[in-house]
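# Observations on the model geometry
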Amino acid sequence: MGKHNGGFLLWGDYHTLKEIHSFCMNVSEESPILDSQGLIPALAYDLRKAYEKRRELSTETIWDDQVTIYGVEQVWVTFIVQLALMRTSLAFFDTNKKEQSIMYKLEAYLEEILPIAFPKQHRAILAVYSWLVGTQEQQIQDIIGSRVSYFLSLTKPKRANELEHILKSLDPVMDSFLRNHPHHQSAQFNPTIYDLHSWDTVSNSAKI
């Protein structure tokens, strides 16, 4: 986990990360609801850089063997949305058991790590993940950058308290409704707080 709860290091051995990379690329190529240069290829790029030894390196003892493992930083908002998009995508083309098992493995990892990172909020965050399944990338591609930038601009306590609401704000219908009916806005559901944020405002020095 990142010290500031902006994300975590995703670790795996060479073969595991390469397998997930291939899965991401296949989903991106086969699914009609994904941008071929969008969020899923971006995840695949991160994974490839990791197993090419261009990110983090460590070792893990398995029985009597020392195994090299590779890690790459992931931001909570982006990773949760990427998983939801991939889960949604699997409904649009034929998949085999191996591909389904990789998807379940990623979701299981999310279920395991969220209670550690967010002891009080993990159930609500997982509920929002389930709600996000069904989202198509074109619905959120114009606004997700602002959510990532805003999330990373927050302090550690605020990241924990606001992650659920940031993910909920990705509903484009709700975003449009609240902008046109500001009297329905609240502190957690006010889309204008994201207006000064975008992919371009994500700081390279943001603390994860």
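Residues numbered from 1 in each chain as written. Predicted model: local features only at pLDDT ≥ 70, side-chain atom pairs only at ≥ 80, totals over all residues. Heavy atoms only, no water.

On to the nonpolar core. A general trend in soluble globular proteins is that nonpolar side chains are found buried together. Trp-76, Ile-80, Val-81, Met-86, Leu-163 and Leu-167 are the most contacted members of the largest nonpolar core, which has 57 residues in total. What Leu-167 contacts, discounting residues up to four positions off in sequence, is Val-77, Ile-80, Val-81, Ile-125, Val-128, Trp-131 and Leu-132. (Core = buried A, V, L, I, M, F, W, Y, C linked by side-chain atoms within 4.5 Å. Buried < 20%, exposed > 50% of the residue type's maximum accessible area, 1.4 Å probe, protein only. Contact = heavy atoms within 4.5 Å.)

Where strand β1 (residues 7-12) and strand β3 (residues 65-75) come together, six bridges link them in antiparallel fashion. In the strand pairing of β3, Gly-12 is matched with Tyr-70. Direction of pairing for strand β2 (residues 56-62) relative to β3: antiparallel, over a ladder of seven bridges. Residue Thr-61 lies in a different strand from β3, and its bridge partner there is Gln-66. Here β2 folds back onto β3, and the loop between the two strands holds two residues, one of which, Trp-63, carries a positive phi near 60 degrees. (Pairing = 2+ DSSP bridges. Helix = DSSP H or I, 4+ residues; strand = E, 2+ residues; numbered from the N terminus.)

What follows deals with the environment of Asn-96. By the element assignment, Asn-96 lies in the loop between α3 (76-89) and α4 (97-117). Along the backbone, Asn-96 and Lys-3 are 93 residues apart, and their C-alpha atoms lie at a distance of 38 Å. There is a polar contact of 3.1 Å between the side chain of Asn-96 and the backbone nitrogen of Lys-98. (Polar contact = N/O pair within 3.5 Å; in protein donor to acceptor, adjacent residues only side chain to side chain.)

On average, residues of the protein chain carry a pLDDT of 94, and 99% of them reach 70 or more. The spread of mean pLDDT over the elements of the protein chain runs between helix α9 (residues 172-180), the lowest at 85, and α3, the highest at 98. (pLDDT = per-residue confidence, 0-100.)

A few words on the pattern of salt bridges. In this structure the tally under the stated criterion is eight salt bridges. With a shortest N-O distance of 3.0 Å, Lys-168 and Glu-164 are connected by a salt bridge. Of the two residues, Lys-168 and Glu-164 both sit in helix α8 (residues 156-168), four residues apart, roughly one turn of that helix. The shortest N-O distance in the salt bridge between Asp-175 and Arg-179 comes to 2.8 Å. Pair noted here: Asp-175 and Arg-179 are both in helix α9, with a separation of four residues, about one helical turn. Here Arg-179 falls in the partly exposed class, since its relative accessible area comes to 34%. Through salt bridges with shared partners, a single network forms among Arg-147, Asp-175, Arg-179 and Asp-195. (Salt bridge = Lys/Arg side-chain N within 4 Å of Asp/Glu carboxyl O.)

This part is about the side chain of Glu-107. Mapped onto the secondary structure, Glu-107 falls in helix α4. Overall, the relative accessible area of 12% leaves Glu-107 in the buried class. If sequence neighbours within four positions are ignored, Glu-107 has contacts with Leu-83, Arg-87 and Tyr-129.

Turning our attention to the packing of aromatic side chains. As enumerated under the stated definition, the model contains six aromatic pairs in all. Ring plane angle 50 degrees and centroid distance 5.8 Å describe the contact between Phe-8 and Tyr-109, whose orientation is recorded as tilted. Of this pair, Phe-8 sits in strand β1 while Tyr-109 sits in helix α4; the two residues are 101 residues apart in sequence, bridging distant segments of the chain. A relative accessible area of 26% places Tyr-109 in the partly exposed class. Their ring planes at 65 degrees and their centres at 5.3 Å tell us that Trp-76 and Phe-118 sit as a pair that is edge-to-face. Separated by 42 residues along the polypeptide, Trp-76 in helix α3 and Phe-118 in the loop between α4 and α5 (122-132) bring together distant segments of the chain. Each member of the pair, Trp-76 together with Phe-118, is buried. By way of ring pairs, the aromatic residues Phe-8, Trp-76, Phe-79, Tyr-109 and Phe-118 are connected into one cluster. Over the ring of Tyr-104 we find Arg-87; its NZ or CZ atom is 4.8 Å from the centre of that ring. The ring of Phe-151 is capped by Arg-159, whose NZ or CZ atom sits 5.7 Å from the centre of that ring. (Phe/Tyr/Trp six-rings, centres within 6.5 Å; stacked < 30°, edge-to-face > 60°. Lys NZ or Arg CZ within 6 Å of the ring centre and 35° of its normal.)

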